[in-house]
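Single-letter residue listing:
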Amino acid sequence: MKKMKKITAVWILMAMLAGISGCSKEETPPPAEAEGTTTVTTEAEQKEEPGQVTTGTGSQENVAAQSDTEGQAGESNAVSFSLYSSNDDATGLVQETVEVAALTPENVLAVLIERGGLQGDIRILGFEQAEDNGTRVLNIDFSQEFGTYVGSMGTAGEWTIMGSVCNTFLNAYGCEKVKITVEGGVLTTGHKEYKGYNGYFE
């Protein structure tokens, strides 16, 4: 009997211990974020403010500043100058203000072809800005088509074409004199040889 009582007491003690162990088990709460910890939010969880521009490299201010800079850069090369062309009765020159995207000899020539009376196949073979005895000058070498075209004009037509070309280039580049050559040689027409520098035609 004593042995049976001992066995029963052992089972009762084991049952009590098991009950106490079960009651002591509780859910462990998740660890709180330490102060200063950065939380990473996925792209799907981000909610953009209305009108906000999100970029990978900068803020809205950076995007706006970059757009302003690009806009200014695109406008900074435009240049205005006076185009000289013949008047209606070919007795003188008239001028008007024109604008090109960038100041280049080819762009000035294009304006002269379009609105100054030059024929379309004329080309510039050489162009130089220089100084001659302290005076700012231009040296322009045209293709043979220019010499042929000017030489086909009468006296009045030749004067207006040469005046249109010289005055327009001088105004565009802010120079005082220009020397015109053809294929590297002296421009010679039936009326004149243009050996040296020419100023403004008036």
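Higher on the page you've got the structure.
Summary of the structure given here. Here the structure is a predicted model, which means the values were calculated and not measured. (Residues numbered from 1 in each chain as written. Predicted model: local features only at pLDDT ≥ 70, side-chain atom pairs only at ≥ 80, totals over all residues. Heavy atoms only, no water.)

**Considerations on the side chain of D141**
Part 1 of the reasoning: Counting through the fold element by element, D141 comes out in strand β4 (residues 135-142).
Part 2 of the reasoning: Within the structure, D141 has its side chain in polar contact with the backbone nitrogen of E183 (distance 3.1 Å).
Part 3 of the reasoning: With residues up to four places along the chain from it excluded, the contact list for D141 reads R123, I124, L125, G126, T181, V182, E183 and G184. (Helix = DSSP H or I, 4+ residues; strand = E, 2+ residues; numbered from the N terminus. Polar contact = N/O pair within 3.5 Å; in protein donor to acceptor, adjacent residues only side chain to side chain. Contact = heavy atoms within 4.5 Å.)

**Comments concerning the nonpolar core**
Part 1 of the reasoning: Core analysis: the largest hydrophobic core is formed by 32 residues, its most contacted members being L118, F142, F146, M162, F169 and I180.
Part 2 of the reasoning: Broken down by secondary-structure element, the contributors of at least two residues to this core are β1 (79-86), β2 (93-100), α3 (105-115), β4, α4 (144-151), α5 (155-173) and β5 (177-182).
Part 3 of the reasoning: It is α5 that provides the largest number of residues to this core, a total of eight residues.
Part 4 of the reasoning: With near-sequence residues (within four places) excluded, M162 lies in contact with F146, V150, I180, L187, Y194 and F201. (Core = buried A, V, L, I, M, F, W, Y, C linked by side-chain atoms within 4.5 Å. Buried < 20%, exposed > 50% of the residue type's maximum accessible area, 1.4 Å probe, protein only.)

**A look at the packing of α4 against α5**
Part 1 of the reasoning: Direction vectors running N to C along α4 and α5 enclose 140°, while the axes themselves pass 9 Å from each other. Considering the angle they form, α4 stands oblique to α5. Across from F146, Y149 and V150 in α4, the residues of α5 making contact are E158, I161, M162 and V165. (Axes fitted to C-alpha atoms, helices over the stretch in contact; angles between N-to-C directions. Parallel < 35°, antiparallel > 145°, perpendicular 65-115°, else oblique.)

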